[in-house]
Amino acid sequence: MPGRILFIHTHRLTYDLLEIDRSESLGLLYLCGFLESKGYDSILFQGEPSKARTFLDQQFEAGRVAMVGFYCDFENQKEVAELSREITTQYGVPVIHGGPQTIGFSAEYLRRSACTAAVLGEGELPLLELLQCFQDSTRDWRTIPGLIFLGCDGTLIRNPPGSVVENLDELPPPAYHRWINRSMRRNKVSIMTGRGCPYSCAFCYEGSLLRKVRLRSVERVLQEVSEILKHEPEVNYIAFRDDTFTISHERVRELCYGLSEERKKREFHWYCEGHVKVLSKHPDLLRTMVDAGLVRLQIGIESGVQKVLDAYGKGITLAEIEQVVQTAYEAGVPQVFGFFITGGPFENAETQNANRVFAEKLIRMAPGMLVLGPSPLMPYPGTRLTDCPDKYGIAIEDTEGLTTLADYPVTHSTELSREEIAKYQQELIWHVISVMKELQVKGKIPHERIVNCFRLIPLGIDFVWHTAVYREAPFIEGYYTLMARDAVKRSQDIPSSELENWRPQRIMEMWHDVDFSLGYPKIGKEVLSPLEFELLLYSTGKSTLPQLLERIYGRFSALFPDRKNFDEHALGILGQFEKRHWLAYAPL
Ligand code: B12
Ligand code: SF4
């Protein structure tokens, strides 16, 4: 092929402005890998539109560009159309669009973007044929299955569906080396272990495709994991991105066995999506997954109303959701993220209230583990909800998503306006967070769970229990950071015969956390007695417990009948300090 293929995944401006590290564009990396195996040179650029434009200009200036390929989703459709028009007009090379949004392209969109054609669905085989046609002028690319484009009369031509790679093991792995602006500091890598989904949820692009599920062999997936770990020393977290990850419980067990073996060579953790149906049928599976390094599970909860779940065709019940949350908790899954859709079918004040009640119930079942992510229903093209909104009691107000960053509804229901849906979503979020905070204040979150949460933060696996609950609570951050580093322990975790060798260590800083403005020491609302203050003052990790007690007894002995009585009293105070996360014990 004369020249290079430039793949562009452009995303919203704020990702770059706020330096939010986006995941890799796996689909395009797969295309790069596939094309490389066929002798084509391609590179991928990911970034906000103006950076993408600068990159494209530089590439065109530098040399021969054979084709530009844009990834298009609901989010970036407008920016892609604009960039595409600019590039086509200025440089006149073939510009091809692909990605999940193409299924909804209209003639108007194709005109506006001035693209040559778009590929529907999986890109490998149609794109290869397209490139071959571009090289061979005797072949007409317009006959290639899987394409849509504008006919001579300006009407939309939609060819029959394109071929897909039947045996995914034959595909080369994503070509990360072709991602031109990949951040070098990445500790996380994504893997797809299959394609397609056997379910057909009314809101989901995957569900609308009804394409055959194809799973890669366990052997090939493990080989990919092994290669990544071998060549990328900084990677310690693998994200299994496919929706079908848990589809076959036998396959997950096999994978877990292999992952455990890999973890013996080098420690890493992983995350995956799970389906409530499968997980509820095989409750022991989650334990196996945790033992093999699972630290985060994402599940589609979607709603707390059975009628709404049924309208989605989700194929799960509220009882199954509860069961999975409970099982995950008992199995020790550190984090579960549950997707929740707001503004779904037939939503009204009553369903919103039911959502809140269900959400609260789930959170209380799994303190420190479950996080709920409510986001507004989005009208992805090709989905049943987008095709027939009336059937679901909704109306789409903004089909292009010009008013949303997935942070504001673009639909209304028969009974709720967009503003009301936004209001209910907000209320749901704040309600859930207030329940989470209450659980923390009441000490309902097991200590080990919090320690585990802080252990995952350095891996880049942060979550709402930390950002909205622990970080907001006094003293928790410092206390659990030290706990997670195994720098300190609670007295109850130290054998009593050994406690004398440990040193009480206050976690707070006196100048920062103790209020001296009234002339006596106060922490929050608590005024410290002279004995309490002295105990805290000397808990600097410089004295062992016996040394500390000895020193303080010297000053307060007159107040106690004997040393034993003093020790009991002082240990009681230190115990209270521990409960408040003011103090822990450091080893000698
Ligand atoms: C992993 C994932 C993510 C990751 C990584 C994103 C990425 N694009 O790789 C993260 C978590 C960051 C993410 C975020 C979002 N995601 Co997402 N995500 C997925 C998921 C689960 C897998 C994507 C994937 O790797 N698929 C496998 C590869 C092989 O397929 P592919 O990406 O579609 O690429 C193939 C074809 O589309 C085609 N193709 C793609 N581009 C091009 C370009 C050319 C030129 C050609 C010829 C072909 C072609 O060929 C590729 C290889 O076969 C999909 C669901 C799914 N199962 O696909 C949702 C999905 C893509 N996400 C979706 C959405 C909406 C989002 C968000 C917008 C959500 C939000 N509200 O914030 C964000 C923003 C994405 C962004 N712009 O950065 C929707 C898209 C629907 C739509 N019409 O837009 C999907 C389909 C989920 C769904 N079930 O509805 N997502
Ligand atoms: S929501 Fe999940 S289970 Fe439902 S169709 Fe989409 S990918 Fe499949």
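Below, the structure is looked at part by part.

Each value, and the rule that gives it
- Starting from 1, residues in each chain are numbered consecutively following that chain's sequence as written.
- Both sets of labels track the order of writing: A upward for chains, 1 upward for ligands.
- Owing to the predicted nature of the model, reporting of local features is limited to residues with pLDDT of at least 70; listing and counting of side-chain atom pairs is limited to 80 or more, with chain, interface and lining totals taken over all residues.
- As used here, a nonpolar core is made of buried Ala, Val, Leu, Ile, Met, Phe, Trp, Tyr and Cys residues. They are joined through C-beta atoms within 7 Å.
- Partly exposed residues are those whose C-beta has more than 12 but fewer than 20 other C-beta atoms within 10 Å; with 20 or more the residue is buried, with 12 or fewer it is exposed, and the C-beta atoms are placed from the backbone.
- Segment limits for the domains were obtained from an automatic or database-derived domain assignment.
- By the criterion used throughout, residues are in contact when their C-beta atoms, derived from the backbone, lie within 7 Å.
- To decide nearness, the C-beta atom of each residue is placed from the backbone, and the residue is near a molecule or strand if that atom lies within 6 Å of it.
- Put simply, DSSP marks the helices as runs of H or I at least four residues long and the strands as runs of E at least two long, and each gets a number from the N terminus on.
- Polarity classes work like this: nonpolar for Ala, Val, Leu, Ile, Met, Phe, Trp, Tyr, Cys and Pro, charged for Asp, Glu, Lys and Arg, and polar for all others, with Gly in that last group.
- Only strands joined by at least two bridges in the DSSP assignment are considered to pair.
- Under this scheme, a helix contributes an axis fitted over its contacting stretch, all axes are lines through C-alpha atoms, and angles between N-to-C directions fall in the 0 to 180 degree range.

### Re the nonpolar core
And then number 1: Of all hydrophobic cores here, the largest spans 98 residues; its most connected members are W270, V336 and L370.
And then number 2: Both domain 2 (185-450) and domain 3 (487-586) contribute no fewer than three residues apiece to this core.
And then number 3: Every residue in contact with L370, bar those within four places of it in the chain, is listed here: V325, V336, G338, L362 and I363.
And then number 4: Within the second largest apolar cluster, 43 residues are counted, among which are V68, Y71, A118 and I144.

### Topic: the site of ligand 1
And then number 1: Taken together, 36 residues lie around ligand 1, and G27, G69, G98, G123 and A406 are the ones closest in.
And then number 2: Of all the elements in the fold, those that place two or more residues in the shell around ligand 1 are α2 (26-37), β3 (65-71), β4 (95-98), α6 (124-135) and α7 (205-209).
And then number 3: Here the shell around ligand 1 gets five residues from one element, more than from any other, and that element is α2.
And then number 4: Considering only residue class, the shell around ligand 1 consists of 17 nonpolar, eleven polar and eight charged.

### Details of the sheet that holds strand β12 (residues 269-274)
And then number 1: Strand order in this open sheet of six strands is β8-β11-β12-β13-β14-β15, and the pairing throughout is parallel. The open sheet has two edge strands, β8 (188-191) and β15 (370-376), and neither has a second partner. Pairs of neighbouring strands in the sheet enclose a mean axial angle of 20°, with direction left out of account.
And then number 2: Pairing between β12 and strand β13 (residues 294-302): five bridges, direction parallel. Residue pairing in the sheet places C272 in a bridge with L297 of β13.

### Regarding the sheet that holds strand β1 (residues 4-10)
And then number 1: Within the open sheet, the seven strands sit side by side as β2-β1-β3-β4-β5-β6-β7. Their pairing is mixed. Each edge of the open sheet is held by one strand with a lone partner, namely β2 (42-47) and β7 (156-158). Pairs of neighbouring strands in the sheet enclose a mean axial angle of 20°, with direction left out of account.
And then number 2: Direction of pairing for β1 relative to β2: parallel, over a ladder of six bridges. If you follow T10 over to β2, its bridge partner there is G47.
And then number 3: Strands in contact with helix α3 (residues 49-62) are β1, β2 and β3; relative to β1, the strand with the most contacts, it is inclined by about 170°.

Scope: geometric values only; no functional claims are made or implied.
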